[in-house]
Each structure stands twice: as C-alpha cells, then as structure tokens.
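Fold and contact review
This is what each chain is made of:
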Amino acid sequence: MVSVQLYSQSSAQENSGLQSRWAIFSSKSSAVLGLLILCIIFILSLSSLFIDSSNTNSLSTQLIPPSWHEQGTSEHLLGTDLLGRDIFSRLLEGAPLTFGISLLSVTFALLVGVGLGLVAAFYRKHVQLAVMRSMDIIFAIPSLVLAIIVVSILGPGLVNAGLAVAIVLLPNFVRTTISHVIEEMNKAYVDAAKLDGATPSRILLKSVFPNVAAPLTLQTTIALSTAIVDIAALGFLGLGAQAPQPEWGAMLAEARTSMHIAPWVVTLPGLAILITVLSINFFGDGLNRIINNKMRH
Amino acid sequence: MTKRATIKALSLTKEYLNSANLFGKSECFTALEDVSFTLTQGESLSILGEAGSGKSTLAKILVGAEHATSGVLEIDDKDVSKVKSNKHQNRNRRVRMVYQNTMGSLNPSLTIGEILSEPLINMTKLTKSEREERLFNVLELVGLKSDHSTRLPHTFSAGERQRIAIARALILDPVCIIADEPLSVLETSAQSQIVNLMLDLQKELNLSYIMISYNLDVVEHMCDKIMVLCRGRVVEYGATQQVLRNPKHPYTKSLLSRTQSPINRKLETNESEMKGCIYCDRCMDVNEHCHQQKPEQVLVDGCLVSCHQYSETNKKATN
Amino acid sequence: MALLQVENLCVEFPVSGGTVKALDNFSLRVEAGAYHGIFGDSGSGKSIAMLAIMDLLRNSASVTADQLSLKGNDILTISTKEQRQSLYQAVSIIFQEPENSLNPCYRIARQLDETLKIHGYTSRKERKLRRAELLADVGLQQIDAILDSYPHQLTSGILQRIMIANALASDPMLLIADEPTTSLDLSEQQKIMKLLNDLVKSRNMAMVLISHDLELLKQQTDFVTVMYCGQVIESGPSALIFDNPKHPYTEAILNSAPSNWNLAPKSSVPSLAGSTPSLHHLPVGCYLGPRCPYAEAKCVQAPHAWFDGSRLVRCHFPIGGRDD
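Keep in mind that what you see is a predicted model, and the values were worked out from it rather than measured. (Residues numbered from 1 in each chain as written. Chains lettered and ligands numbered in written order. Predicted model: local features only at pLDDT ≥ 70, side-chain atom pairs only at ≥ 80, totals over all residues. Heavy atoms only, no water.)

Concerning the side chain of Asp 55 of chain C
Residues and elements named next belong to chain C. Convention followed: Strands are runs of DSSP state E lasting at least 2 residues, helices are runs of H or I lasting at least 4, and numbering of each runs from the N terminus. For the exposure calls, accessible area comes from a 1.4 Å probe over protein chains only, and a residue counts as buried if that area is under 20% of its type's maximum, exposed if over 50%, partly exposed in between. Whenever two N or O atoms come within 3.5 Å, that pair is a polar contact, provided that in protein one can donate a hydrogen and the other can accept it, and provided that, for residues adjacent in sequence, both atoms are side-chain atoms. Contacts: residue pairs with any heavy atoms within 4.5 Å of one another.
Its place among the elements puts Asp 55 in the loop between α1 (46-53) and β4 (62-64). Its relative accessible area of 10% is what places Asp 55 among the buried residues. A distance of 3.1 Å separates a polar atom in the side chain of Asp 55 from a polar atom in the side chain of Arg 84. If we skip the residues at most four places from it in the chain, Asp 55 touches Ile 75, Ile 78, Arg 84, Leu 87 and Tyr 88.

Put into structure tokens, the structure is as follows:
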C-alpha cells in the first residue's frame, strides 16, 4: 500500500527504456554473470560448428587426467576419456548439440505454442476447448516419460529428441499465451481500441501482444533450462544423441563405466550442463526483475 | 437558427438473452427499456443511476459498441439503429467515450502518440504527416505539449492522463463525448482543471456531453438536463435545477438524499415478474395500483416523470 | 500531557539512487477526546504519518522524530512485546478498503477472536460475549450469520462495521480512520460516518480522520491539518481554517472544491494550475512555489512553519499577512 503511493508518481525525466532496464538488470551481479556465460556458450557453440577438430580415438591417450592433476598434460586441458578423446574439444563440439538443439526446440515450442494460444484465445468456445484439453493431455504425462514415448515412436536421435522436448514444452507456452491474452482482452484499453475501430488482428498485434511479450519472455527462459536438462537426460538414456556424438548427456552415459577410476570424465560434462542451466536461471532472474519493476507501474 | 438535435434516442430497449440454464429455460434480461431523450449541440446531459441501472449499457449503445434490441437512435441526423454495430468500421465515431479509470484505459506499453494515432489510422484516410498534425493539434487543445507524444502513460499524473483520454475522444471530431465518472480518481486540484477544460472545449467546439457521475455539485454546474435511470427505465428526466431542487419520483428523492440502499440487479430474480412499476418493491409511497400497472410518463413542472402519483388517472381520481 | 504528541516526525524511504522524504517535520498534538482531521492529496504523506505513529514502518523506512509518544510512552524506542502491546491497546486504526483488511480465508468469528486473544480475552466464553457485544455496538444485526460468514460473502458496508468493531475491541483511547468511507456505496458513507462519530463521542475517544472530502472534515472535526508533499502547511482549529484559510494551497483547494462553487452554471471554476510534484522531484524552496498564485522571489527559500497564536502556517506570505 505504501510503496504503490510513492512509485505511482513517476517523473517526466525518466531514463530511456533500455537504460533503465539495464540498470535494473545489472543491479544483481548474478544476472550479469549469467548473461555473460550464456553469451560465451553461444559463441563457442557457433564457432565449434565451423571448426573441425581432430579428435580421434587413441589408445595411447586413454584416461589422462585434467591438466591441473599431477599426471595431466597441457595438451589435454581437461583430460581424455576412455577412448582417448580430448574432453575439452568434445565439450566444445557438444555445445551446439546440447545447447543448440535445446534452443531450436524452445523456439519451435514458442512459435507453435503462441500461435495455438492466440487462435484459442481469440476464437473461444470449441476451438479453445479442443486446444486446452489436448494441452492438458500432454501436460498430464510427466515430461521425461512423454519425451521417451515420442522418441520411441520416432526413433532415437538428437533431432527427434529435440522434437519430443518441443512437444513437452508446448502446453506451457499455450497456457501462458491463452491466460494472458484473455486477461488482456478484458482490459479497458482493449475496449477503447475496439471503439477506435481496430480490427481483431490489429488489436491482438498492437494492443494485446506488447503486454503479453513480457511473461512469454520469462516462460522462454524457464523452458530453455528445462529443455537442456531434458535433452541431456534423453542423451544419457541413449534415446537422444547417439554415440559417438559428443552431446553432453551422451557423454555422461559413456562415462559411467570409467566413473570410479576417472571421475573427471563424468564430472566435467555434468558441470557443463550445470553451469549452462544456472546461467539461464540467473539470466531469467534478471529478466524477471525488469518485468516486475515495469509491472509495478 | 434553431439548434439541431445532435442525438435523438427514441424508445431504446436492450435485452440480453441469457444462455439456457440447467432446466432448459433461457432468460431474458432487460438492461434498458423504452429510454428516450434528445441532446442538442452544446448541451450536456447527466445520467444518474446506480450500478446496474443500465447507464453503462446506454453508453455502449451510443458509442456503437452494442446494438439496441429495438428503438431508434439518430446521431447527427443519421439513423444508426439499423447498422450492425459489431462491425468495427461502423463504430459511431461521432460519439466518443472517456473512461473513469485513467490508468486502465490507456495501454501501458504504447506511447501517447501511438494511442492517439490509433483511431486516426483505423477510421480515417489521413496520411502520416496529416495524422501527426492532427495529433499535435489535439494535444494542444487539451493543454499538453507535442513532445509528450513519445512518453508512456505511467509517466503522467492522473490529471494529465485524463487529458490524454479526452484528447483520444476529441481526435475524431465527435459531436458528443460520453464521460463516465471522469473526475472520481482525480485529486482535488486536478478535478477543477478538468472541469474547466471540458467547459472550454464545449464552448470552442460546440460539443455535447453525456456525464455519468454521482458528484451532484459537478452535475449541477456542468449539465443542462438530468435523466434518472432505475433498473433500466427512465423514472425522471428534466432540467438540472428542477430535478435536483424539486425531485418528483420517489427513487430520485431517495437517491439524492443518499438514503437509497443499493439495488443489486444481478442478485434479484423477481424483476421479470414485476408487472407494474419497476420501483414498486422499494417505494415508500407505494399502493396497490403500482404493483398492477406500469406508470405512464407524464410532464410535471417541465420534467418527465414515470410515477402513478402524477399520472392523469390518479389526478382524476383524487380530484 | 497530550494523548498523542508528535513533533517533527520525518520518514524517509530508500529508493534507487537515494532516499525519498515522504514526511518532512510532521507535528500533531491530540488531546484526549479531541476530533482531528487531516487533509491532503496523494503523496501528501497523510497515510504515512499514521503508519509511522502505529510503528508499522520500522522495517521499511527510516523514521525519526523529536518526539513521538502516546500517553507519554515513546513509540520510537519500543523494544519489548509488552510495550508494543500497550501501544496497540491504546490506539487502533481503520483503513480505506475493508475487503483488504480482512483475511479471505477465515470466517469473521475467527478473525475477531484473534484480536480479542491479543488484547487479553483468554477464555472462549469471554470472547464470545465480547464479540457479540462489539458487533451489536456497530449496529449489526443477524450477528450469528455474520460471524459465520467469510469476508467475500458480506458487503463492504458490513465489512467496514466489522473493522470498526475490531478496532474497538481493545477499548482504545485514540482511533485513526484513514479514508474510512471513500470506497463504500454512497448510502453507506453517511451511515458509517454517523456510526463512527457516535461511538467516538460516547466512549470519549480521540479521533484522527484522514480524508480528501473537505465537506466532511468541515462538518466533523475540531482541528484540521492540511498537508502537501509530505509537509504540514497549515494546522489549527477547523472553523478558523475553513472560514479563513491563510495558506494559498488551502485557499485554492477550498475554492476549487465542487461543493463551494456556487457559480453560474458552465462558468469557469476556480482551479490551482499545474499538478502535484512527485516526491522524487520536489521543487527547490516552497513546494507549492511553481503553482502558487501569490509566489514571489523569496519563495525559492523553504518557508518555516510559524505559529500565529491560533494556527500553524508554512508560508512566507500567508493570506491576510502575518499577525506577529
């Protein structure tokens, strides 16, 4: 009650939108750190697509510990695995697989989900019922179980895993879109826009969408971290990326046999997944703060 | 030169058909019944009524958001009652609306320029530069500056936001503006500013106003006529001074003295069964006749009143 | 010794880039049984002053004062449960929206019980009796049905009466009402105001009524304080201030209130130009300066509040001149 009274009187000399958003975002250092790490991973993913690394199996370089270990060498920064492959370059190669496919998966779910949500929110009654109930069905099945089912139907593989995860993520986007669009449609400024002669599509685009973009952005970051974990899990189970693809989840599966004698082979891919997901969460936190701050007005 | 009637409403009725309930009966809810009034250029009408009395429905019909079930509506000498008003192109651009909630009626993600250009883009064929010119003209009319057009709504005070809402109504050059409690969310110093703005605009542009407000001092100062609605029917309609100083209808009397306990139409189920006067269940001066027959509208001291106390037959009976 | 003594109360809120002074040297002196009113628009600090007095801002703002005491007990240095208890026994507050003051998850009976437990009604029987007594005092009938209901089942008029009953549970000596009737139906407004006045008189309680309804304040209060942008700009006996305002803001507000118009229909009404500045960007010197019709060069210096024998005014050039 008290804070609303103060903050509702904003001054005319407010910072430009982007500046004030950055100020809010960067006020928490973890958010900036998250953003930084994500950028690095993104750049590494892109660059590793173009760099051809020579990573051959070699019995002579089996299970070399990371360079900081007394038995490690500087040639293999993070050591080698059971088949003598350099772990660091494998992680780099795996980045576009784990991170990249997750990104594509989320993008697919976002576009289809928002599309379905908009159609359902607008046409109401039967269409909405059909969409909501099918989303409920997808939602009712635990995400990993559903992904496994889809992959079992489509056949194992990284792309199919990506598709499965996209289906799993779909209900969240549809629901967010439907609930926020319906909420927006009841607002007085949408009525005013109708009286201003706006066509339904114009209302959706100009009046409704800008206010729905914020919660959707948040949903996307959450979906991304879920996607990464799910795709890695599918890879671990052998249903996603198949050996010898250096997808991080698949690397975890391969490392199981040598876990006890060479813990770095399992720890490092696990850390990679952990760091990526944490960065996304921190970044999402920062975005959340911007959205909450803007919503207070 | 006699003043033309800007708005002529004759027996407007609006019925909503509720979808069938569990027992298969679909009920008819009469939001408005037999509402008639006229408004000439430069005149202001106040609609007095509680929540649920039908004043919002009437406003929606006048701006074209809803379509009356029966009756005739002429705006600026054009009969708009036959037009299918759910087509977005046929919105009554001659009658525009200013809402109560200044913050809620302006899209928080759009700049003032975008909000004000919307009606121009949709309903006129002006070019971009013509639109911009009109935008700046209208901002000036309401006392704002042209460089305000790049700012977002929340950066303005409530009084300024109400000016923006008025600008949005003015931008299509209407003959009438409907203002729904335009002052209630404003602080004291802003209220009188907006009143002055509205009065100036009325003089300058020969605008008519329909004010929905409970603030009787404001109504007395700004409006020429008052129409009192009860349960969707007009119970009293006449000059402001007459209605305020010398109310005839029992409902008007209790409303003005603030002793009226709220009528909640949503909870009441007996309305459709009332054959007589719609106020007979709450009226202090009720008699048997009131339950049986609907009162006619009678002219008493220059006001139209719907009450058996003043009807011809009653007069004859008492004489 | 006055019942409530507030001297130079200041409240500052931390915001990004510094602090905002929501209340600047607020002073108030309420004697037992007196009826005070506080008038101010949004951002004037009127609600914040009351929250500070009720010691509700301790964790969210920095609260300082030369003196802030109730019945002689200092509020700022409350540290023990007993001290806090004795404060809340002596003063109660009612807020604007009764729907927001009651917990939607519990029935009315349980919520009243909670209050009574805190104020020492230990036995169930005692509480039952007291509950019925309180609800009857506030003019409610069908008490059993009401006690058994949830807040959402009752109208706002009934809810506000329940809040008044709640406030009276501890037999307070001071009742603070922050816009108690603003969000109620018009028919309820008069009734609730009458109820409050009757209760206050019959129990000889002191009352502080916050409102932006000038007519109401004029009719009900003995003393009134006018606030602007966190400062007290005029304070004194109501009759004096309403009939003969000395601060330009008070005069402008009184003139621009619809009830005081009495002009030819559709003529220009008196109004104060400009809009209330945001607390983040207050003008230099007198806060009313940019809007004041009487402003002169000296007004860029912040005026001090001075006492002319009967009232307090914060203005370099009060209307009618200074009488000292």
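Digging into the packing of helix α7 (residues 158-185) of chain A against helix α9 (residues 200-236) of chain A
Residue and element names in this part refer to chain A. This is how it is decided: Note on definitions: angles span 0 to 180 degrees between N-to-C directions of axes, and those axes are lines fitted to C-alpha atoms, for helices only across the stretch in contact. Our angle categories are set so that under 35 degrees counts as roughly parallel, over 145 as roughly antiparallel, 65 to 115 as roughly perpendicular, and the remainder as oblique. By definition, turning the near helix anticlockwise from the far helix through less than a right angle yields a left-handed crossing, and turning it clockwise yields a right-handed one. Polar here means any residue outside two lists: the nonpolar Ala, Val, Leu, Ile, Met, Phe, Trp, Tyr, Cys and Pro, and the charged Asp, Glu, Lys and Arg; Gly therefore counts as polar.
Interaxial distance between α7 and α9 falls to 9 Å at its minimum, and their mutual angle equals 150°. Here α9 runs roughly antiparallel to α7, going by the angle between their axes. Read as a crossing pair, α7 and α9 show a hand that is right-handed. Among the residues making up the contact of α7 with α9, the classes are represented as 17 nonpolar, 10 polar and two charged.

Focus: the interface of chain B and chain A
What counts is decided by this rule: Accessible area, probed at 1.4 Å, shrinks when two parts are joined; the buried area is that loss added up over both. We define a salt bridge as a contact between a side-chain nitrogen of Lys or Arg and a carboxyl oxygen of Asp or Glu at a distance within 4 Å.
Counting from both sides, the interface comprises 26 residues of chain B and, opposite them, 22 residues of chain A. Summed over both partners, the interface of chain B with chain A comes to about 2000 Å²; 52% of that surface belongs to carbon and sulfur atoms. Where chain B meets chain A, there are three salt bridges. Between Arg 202 of chain A and Glu 118 of chain B there is a salt bridge whose closest N-O contact spans 2.9 Å. Applying the counting criterion to the chain B and chain A interface returns nine residue pairs in polar contact (both at pLDDT 80 or more). Residue assignment for the side of chain B that touches chain A shows that the elements contributing at least two residues are β6 (95-98) and α2 (112-123) of chain B. For the side of chain B that touches chain A, the element with the highest residue contribution is α2 of chain B, accounting for seven residues. Here the side of chain B that touches chain A is composed, by residue class, of 12 nonpolar, eight polar and six charged.

A closer look at the packing of aromatic side chains
Our working definition: Each Phe, Tyr or Trp ring (for Trp, its six-membered ring) is paired with any other whose centre lies within 6.5 Å, and the angle between the two planes then decides the class: stacked below 30 degrees, edge-to-face above 60, tilted in between. Here, a charge over a ring is recorded when the distance from Lys NZ or Arg CZ to the ring centre is within 6 Å and its angle to the ring normal is within 35 degrees.
A complete count under the given rule lists three aromatic pairs over all chains for this structure. Summarising the aromatic geometry, the rings of Phe 25 of chain A and Phe 283 of chain A are spaced 5.7 Å apart at their centres and angled 70° between planes, so their arrangement reads as edge-to-face. Of the two residues, Phe 25 of chain A sits in helix α2 (residues 17-26) while Phe 283 of chain A sits in helix α11 (residues 263-295), which places them 258 residues apart along the sequence. Classification of Phe 25 of chain A as buried rests on a relative accessible area of 4%. Across from the ring centre of Tyr 106 of chain C, 3.9 Å away, lies the NZ or CZ of Arg 110 of chain C, which sits over that ring.

With respect to the interface of chain C and chain B
Counting residues at the interface gives 28 residues for chain C and 29 residues for chain B. Among the residues of chain C in contact with chain B, Leu 186, Trp 261 and Lys 266 of chain C are the three that bury the most area, contributing 32% of the side total. For the interface between chain C and chain B, the tally reads one salt bridge. The salt bridge involving Asp 224 of chain B is made with Lys 266 of chain C; its shortest N-O contact spans 2.7 Å. Taken together, the connections running from chain C to chain B amount to 10 residue pairs in polar contact (both at pLDDT 80 or more). Elements with a minimum of two residues in the side of chain C that touches chain B: α8 (186-202) and α11 (248-256) of chain C. For the side of chain C that touches chain B, a count of residues per class yields 12 nonpolar, 12 polar and four charged.

Some remarks on the packing of helix α8 (residues 188-195) of chain A against α9 of chain A
All names here are of chain A. Taken N-terminus to C-terminus, the directions of α8 and α9 make an angle of 165°; their axes are 10 Å apart at the nearest point. By the angle class used here, α8 and α9 are roughly antiparallel. Of the two possible hands of crossing, α8 and α9 adopt the one that is right-handed. Listed contacts from α9 to Tyr 189, Val 190, Ala 193 and Lys 194 of α8 are Ile 203, Ser 207, Val 208 and Asn 211. Looking at the contact of α8 with α9 residue by residue, the classes come out as five nonpolar, two polar and one charged.

Brief notes about the pattern of salt bridges
All names here are of chain C. Inspection of the entire model under this criterion finds 32 salt bridges over all chains. For the salt bridge of Arg 58 with Asp 55, the shortest nitrogen-to-oxygen distance reads 3.2 Å. With a relative accessible area of 38%, Arg 58 lands in the partly exposed category. Each member of the salt-bridge network shares a partner with another, and the members are Arg 130, Glu 133, Asp 137, Asp 171 and Arg 203.

Describing the sheet that holds strand β10 (residues 233-239) of chain B
Residues and elements named next belong to chain B. Rule in force here: When DSSP locates at least two bridges between a pair of strands, those strands are taken to pair.
The sheet built from eight strands is open, its strands ordered β6-β7-β8-β3-β9-β10-β12-β11 with mixed pairing. Strand pairing shows two members of the sheet lacking a second neighbour, β6 and β11 (297-300), which therefore form its edges. Taken over all neighbouring pairs, the strand axes of this sheet differ in orientation by 20° on average, direction set aside. Looking at chain direction, β11 and strand β12 (residues 303-306) are connected through four bridges and run antiparallel. By the bridge assignment for β12, Val 300 is matched with Cys 303.

Some details on a nonpolar patch on the surface
Residue and element names in this part refer to chain A. Keep this limit in mind: Within this analysis, patches are made of residues with over 30% relative accessible area and no salt bridge. Like charges are joined at 9 Å or less; nonpolar side chains (Val, Leu, Ile, Met, Phe, Trp, Tyr) at 5 Å or less. Under the convention used here, a 1.4 Å probe and the Shrake-Rupley method define accessible areas, while residue burial counts only the protein chains that appear.
Taken together, the side chains of Phe 108, Leu 111, Val 112, Val 145, Ile 149, Ile 153, Leu 154 and Leu 163 define a hydrophobic patch exposed on the protein surface, amounting to about 710 Å² of accessible area. For the nonpolar patch, the secondary structure elements donating two or more residues are α4 (87-123) and α6 (143-154). With respect to the helices and strands, Leu 154 occurs in helix α6.

Details of the confidence of the model for chain C
Residue and element names in this part refer to chain C. Our working rule: pLDDT expresses, on a scale from 0 to 100, how confident the predictor is about each individual residue.
Chain-level statistics for chain C give a pLDDT mean of 89 and a share of 99% at 70 or above. Strand β3 (residues 35-39) holds the highest mean pLDDT among the elements of chain C, 95, whereas strand β6 (residues 73-74) holds the lowest, 85. Confidence metrics for the complex model read pTM 0.83 and ipTM 0.82.

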